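# Coordinate inspection notes
As a plain string of letters, each chain reads:
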Amino acid sequence: GLRVVAWMLPALALTTVTLVLSTVVSTRIAAAATAGVWLVVVSSVASAGGDLALFEGRAQLAYVVLALVGGAVLVARREVFDTVEVGQ
């Protein structure tokens, strides 16, 4: 039940980070970098024995902050998305 809902904030934060990074580098690099960092975080938390630590209150708060800061950066850099690149 609640574990499914707990995945929403990390997903929103990771998506926002990927979009922010894609304003600086290509979308593929942004997605790969975000996924790579997420895998490192999940692996290190799991190896430390805190399997559910990514879903606890402090982590959820960090995801909210990351999503809000990322959203503010996206609004500030929205003109980057006005260009169309074909063939990449």
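Since the model is a prediction, treat every value here as computed from it, not as a measurement. (Residues numbered from 1 in each chain as written. Predicted model: local features only at pLDDT ≥ 70, side-chain atom pairs only at ≥ 80, totals over all residues. Heavy atoms only, no water.)

### Here we look at the confidence of the model for the chain
- In the predicted model, the chain carries a mean pLDDT of 88, and the fraction of residues at 70 or more is 93%.
- No element of the chain has a lower mean pLDDT than helix 1 (residues 2-6), at 77, and none a higher one than helix 2 (residues 8-21), at 95. (pLDDT = per-residue confidence, 0-100. Helix = DSSP H or I, 4+ residues; strand = E, 2+ residues; numbered from the N terminus.)

### A few points about helix 3 (residues 27-47)
- Taking 1.5 Å of rise per residue, the 21 residues of helix 3 would be expected to cover 30 Å, and the 30 Å separating its terminal C-alpha atoms lies within 8% of that figure.
- Turning to helix 3, its buried residues number three or more, namely A30, T34 and W38. Buried residues of helix 3 fall within an arc of 55° about the axis and therefore sit on the same side. Summarising the geometry of helix 3, the exposed residues directed more than 90 degrees from the buried face are R28, A32, L39, V40 and S47.
- Contacts from the buried residues of helix 3 go to helix 2 and helix 4 (57-76).
- At the exit of helix 3 stands G49, carrying a positive phi of roughly 90°. (Expected span 1.5 Å × (residues − 1). Buried < 20%, exposed > 50% of the residue type's maximum accessible area, 1.4 Å probe, protein only. Arc of directions from axis to C-beta. Contact = heavy atoms within 4.5 Å.)

### A closer look at helix 4
- The end-to-end C-alpha separation of helix 4 is 29 Å, in line with the 28 Å expected for 20 residues at 1.5 Å each.
- Those residues of helix 4 lying buried are A59, Q60, Y63, A67, G70 and L74. Looking straight down helix 4, one finds that the buried residues subtend no more than 100° of arc, so they occupy a single side. The exposed residues of helix 4 that point more than 90 degrees off its buried face are G57, R58, L61, L68 and A76.
- Those residues of helix 4 hidden inside the fold are in contact with helix 1, helix 2 and helix 3.

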